Amino acid sequence: IALPSSRIPTSFLLIFFILVIILFLKSLNKENIETFVATKKEKHKWSDRIKVIERLIIPMVVFVHITEEDLPQLRNNKNIRKILSYPGDKIPTRIPDEQIERFKFMLDHSEEPVLLDNRNLTVGENIRVIKGPLYGLCGFLLKSYEGESFISISIDGLGMAKTNIDINCVERIN
């Protein structure tokens, strides 16, 4: 039996007032709503110590995996600043599950910082990582003006997430 599209859970992006994210996440988790906050563990070095911190990749943003039917209850929450939609559109942007999974994989396995780039860049060739900690990740090859190589993945409504990649660790895919 196929469910109507409004009953199939999908990911949406909520933009919060910054101080309430932790409290709101706890309340959503109590209601068994799947949430995801994009963070990356990074080593920061001070003159006297090195400490691993968890950096928010997209401040004030929480991804939720819910049905369209459940969106109205979130819209009425005073702690949510907005639900992401494309400019000029009132319909919330659906973010495909495979994009969320690729983003999580990149965050979990990249040894380099992960950056978000919301410019509409012209992306290059499709690539797959064939060795290293991002093995198996598919995305697009980008080059900086300085000649650095990046693997980039699209996230609907947000732009792209990218991280440095050694060009010798990728292969072209069709």
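Residues numbered from 1 in each chain as written. Predicted model: local features only at pLDDT ≥ 70, side-chain atom pairs only at ≥ 80, totals over all residues. Heavy atoms only, no water.

Student: Please give an account of the packing of aromatic side chains that cites residues and values.
Tutor: Across all of its chains, the model carries 3 aromatic pairs by this definition. With a centroid separation of 6.1 Å and 85° between ring planes, the pair formed by Phe 36 and Phe 103 is classed as edge-to-face. Of this pair, Phe 36 sits in strand E2 (residues 34–36) while Phe 103 sits in helix H3 (residues 97–109), placing them 67 residues apart in sequence. By the burial criterion, Phe 36 is buried, and Phe 103 matches it. The residue whose ring lies beneath Arg 49 is Trp 46, and the NZ or CZ to ring-centre distance is 4.9 Å. Positioned above the aromatic ring of Phe 36 is the side chain of Lys 104, whose terminal nitrogen or guanidinium carbon lies 5.0 Å from the ring centre. (Phe/Tyr/Trp six-rings, centres within 6.5 Å; stacked < 30°, edge-to-face > 60°. Helix = DSSP H or I, 4+ residues; strand = E, 2+ residues; numbered from the N terminus. Buried < 20%, exposed > 50% of the residue type's maximum accessible area, 1.4 Å probe, protein only. Lys NZ or Arg CZ within 6 Å of the ring centre and 35° of its normal.)

Student: So, the pattern of salt bridges: which residues are in play, and what are the values?
Tutor: Counting across every chain of the model gives 6 salt bridges. Of the charged contacts in the structure, one is a salt bridge between Glu 125 and Arg 172, with a shortest N-O distance of 2.1 Å. Residue Glu 125 is located in the loop between strand E7 (115–117) and strand E8 (126–129), and its partner Arg 172 is located in strand E12 (residues 170–172); the two are separated by 47 residues in the primary sequence. Among the residues examined, Arg 172 registers a relative accessible area of 60% and is labelled exposed. (Salt bridge = Lys/Arg side-chain N within 4 Å of Asp/Glu carboxyl O.)

Student: So what's going on with the environment of Lys 43? Which residues, and what values?
Tutor: Looking at the secondary structure, you find Lys 43 in strand E3 (residues 39–45). Given the relative accessible area of 71%, Lys 43 is considered exposed. Sequence-wise, Lys 43 and Arg 55 are 12 residues apart; in three dimensions their C-alpha atoms are separated by 10.0 Å. Once residues lying within four places of it in the same chain are set aside, the contact partners of Lys 43 are Ile 50, Lys 51 and Val 52. (Contact = heavy atoms within 4.5 Å.)

By themselves, these observations are geometric and do not establish any function.
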